[in-house]
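Listed here are the chains, written in short residue letters.
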Amino acid sequence: GIVCSSVRIPHLPPGMLPPQKMYTEVRTLQQSRLPLGLVACSSAAAGALAALVAAVVIHGNAPWLFEPFGPATPAAAAAPAVASCTRMSVSGLKFGPSRAEEVLGELNAAEVKAVATWFSAEFGATGMRNASKDCLWIAGPSAVELLIPPKTDSVAYLDGKGPKPPRFARVTAVGPAGVDEYRVGPIEGGKMAARATAKQLTNKGDIPYVKRPTENSADSLIGEGLVNRTFKIMEPVLVASFGNVFPQFAGFDPKEGSVDQIFRNDALGPPGQRADILIFQWFPPAPVRPEAAWLHPLPLTIKLNSTSSDPAQWAVSAVWFCGQGPFNSAAELMESHKHGGIRICPFSKETGIWDVPQRVTPKDPAGRQNLETNGGVAWGPWNFTVTQRPSTGAALLDVRFRGERVLYELALQDAFAAYSGNEKSQFFYSDAAWSLSQLSASLEPGVDCPEGAHYVPVTNWFHILPGGTAVADPTNPREFYPVCVFEWIEDHTIWRHMQNSNPLDVRGLVRKTVVVRSIATVGNYDYITDIKLREDGEIEVKTRFAGFIEARHFDPKGNPEEMNFSTIIRPDLAGPVHSHLVNWKADFDIAGVRSNAFQTIKVKAGPLTNSKFAGTQEPMISKYLEREYVEREGIGKSTFVAAPQHPTVWSVVDRQATSAAGNPRGYAIALASWSNTQVLPDDHPFTRAVPLTKYHLAITKHHDDEYRSTSPYVQYDGAQTVKNTQDLDRFLSDGEAIIDEDIVAWIGVGREHIVRQEDLPLVSNFGAGFSLVPWNFFMQNVAASPPWEA
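Here the structure is a predicted model, which is why all the values come from computation and not from measurement. (Residues numbered from 1 in each chain as written. Predicted model: local features only at pLDDT ≥ 70, side-chain atom pairs only at ≥ 80, totals over all residues. Heavy atoms only, no water.)

### Considerations on the overall build of the protein
Test applied: Labels follow the DSSP assignment, with helices taken as runs of H or I lasting at least four residues and strands as runs of E lasting at least two, numbered in each case from the N terminus. Contact between two residues is taken to exist if any of their heavy atoms lie within 4.5 Å; hydrogens are not considered. Methods summary: accessible areas were calculated by the Shrake-Rupley approach with a probe of 1.4 Å, and residue burial reflects only the protein chains presented.
Per the secondary structure count, the protein includes 13 helices and 37 strands. The long-range fraction of contacts in the protein, counting pairs at least 24 apart against all pairs at least 6 apart in sequence, stands at 68%. With an accessible surface of roughly 32600 Å², the protein has 54% of that area assigned to carbon and sulfur atoms.

Structure, rendered in structure tokens:
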């Protein structure tokens, strides 16, 4: 069980050990996972090791350097050697427990179950919604999640300078009076402590009932009877148009396929009201895969008013059929049909190679091999912890390069998709409000992750039903594996040069990286996110968009206006233009320092003083650099949209730590691909609901209660905002000073998806990303010439 790698231990007394060299050797030991004082090595090595320990003590190095994933607790220090070992793969990846996982890692399945069960007993709540008007239930994708402790306390523990913060959960509950959030805990050893309590975090009325979180299937199941009654009234026209495909009717013939519904949020309703838009899809009969239904939408839409806390009061408020409507009810539609006012539209049930992919890479028959129990990771110069939030998805915690913290947190926040259309068909999804984790599957070796990848466990309380929907019940969680980590040799070099000599001499360094991959499926779309940590200190983040388009039925006689909103990809099928905008949180602590500033370096052009073009009186024009520190947060002050005609470097720096050349140490935020922002106006309900879509970058001062850029309450009633909610524009509104402060970067990238015929049957994956690049953080390219190797 003991890993004893080849390490270079300096045979120098402490006083003669150069600080950089000493630091190098300590880090080498740290990366090698040597349990200090417990490994049987040669006497010479033991003596050198003792000298090194003394050197560290004399020079005052932080104690966490000796522990691969954070400083050892007193109990861990006294444990036998085997207990302190980490899991090491042949690739050089090492996994083990970490301090970041202890305090910042998401709740595991045992913790979620313990919290949900305790809360249910204390408050009389249920794990999932029922049809009672008095129902109190634990709700939404953030129903039970980690309540992130104060950063000051967490950092003190991470650095071995303070006690471990107690572990609490944030619980979201919905009842007739509205939505409330609670602090529940403490949680100890995966169980609720005997002294556990619940403290309300929100004020009554802050989050109205109509803004309650999205329920993946509860509302759909509760409203099923109302839909069936509506269908029964419309049976003559439904069967005439679509055939015997409705399981609700006596003439249903499964050989013709079947029809099922999808609930979609309506953000365009009047203030104070909540409505669901029900769309319907035709599922071809077997053996065609049911996922083909995404490409067989029916020209049928029902709007359901779900404002009341009593589902018995829900009602159909509008019906559209074959491009006709809205009708106030099914009865009104059928009255029009009685007088010849309804056109029966054609509907094709053609299937083939166009609606289901025919070529598939086989899964690795060996299955997932390296199932980890902890999220602490060490690879080369990097140490970090992997976790995944139940609503917002993947996150890296306490990210360090050769021991120096670069990021306290790097975390996905949301994925926004806004679709074109009229009052019936225009909509948006905040996919964090559905879940950027729990609607997914464990990753498949050979398809999602390469051979040798390691799989990290994540908690999930969503349970997928045969029809594709899901029921959510945090009292019944489980673990799955939607994240993999692997070492990768890329198809290009970190540096390369041909020396002009005879003979010519080409040299370079192949780029090695560690990849953290998380894939979130949300209905028809899959978000494939890669975080690549490279040997030169760069962190690249990219999200690729995959899956099926959400198509619409097209009929030139019924909805000719669809040509303004969509690409017509088949004679009866439209692909609406829509956005894919993702947002990330990057909480920088440059070299472990929380007092940072935000600097812009702009490339400009202008005339030079007393310098003219040769032979003319015209002033010489040159490029020049304009450097500026942003003093205060605010919309238009600390928010930015990249423009190719105004090239700018955005960087977070420590002004107190400068190189010999006078440059502050920092990291730059660079878009890695073309990326657009929100194209809708600022006052559009979709933009007001999710303002993060307006920016490529926003900088705010860190606050513990500003922990995510959007809330799970944004999908309904876009005209009404929630008090004191998680909202990027609210964070920016107080105009706080951000020079030499703890600052957070909120990074947005994305693309407008103009659909093409080649998006059938599935989208050819495309995406957008950014990089976090060392900016005068080192004295040179440390991958090309590592100072610790000198």
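So much for the structure itself; the text now carries on.
### Here we look at the state of the cysteines
Going by this rule: By disulfide we mean two sulfur atoms from cysteines, separated by a distance within 2.5 Å.
This structure, assessed with the given rule, holds two disulfides. One disulfide in the model links Cys322 with Cys345; its S-S distance is 2.0 Å. On the S-S bond that ties Cys322 to Cys345, the torsion sits near -60°, and the link is left-handed. Note that Cys322 is positioned in the loop between β11 (315-321) and β12 (324-327) and Cys345 in the loop between α9 (330-338) and β13 (370-371), a separation of 23 residues in sequence. Through a disulfide, Cys449 is tied to Cys484; the S-S separation comes to 2.2 Å. Judged by the sign of its S-S torsion, about -95°, the cystine formed by Cys449 and Cys484 is left-handed. Placement of the pair is Cys449 in the loop between α10 (431-434) and β19 (454-460) and Cys484 in strand β22 (residues 478-499), with a sequence separation of 35 residues.

### Details of the sheet that holds strand β26 (residues 552-553)
As a reminder, the rule being used: By definition, two strands form a pair when at least two bridges between them are found by DSSP.
With respect to topology, three strands assemble into an open sheet ordered β26-β28-β27, the strand pairing being antiparallel. Each edge of the sheet is formed by a strand with only one pairing partner; in this case those strands are β26 and β27 (566-570). Where β27 meets strand β28 (residues 573-576), four bridges bridge the pair, whose relative direction is antiparallel. When the sheet's bridge partners are listed, Ile568 is paired in β28 with Ala574.

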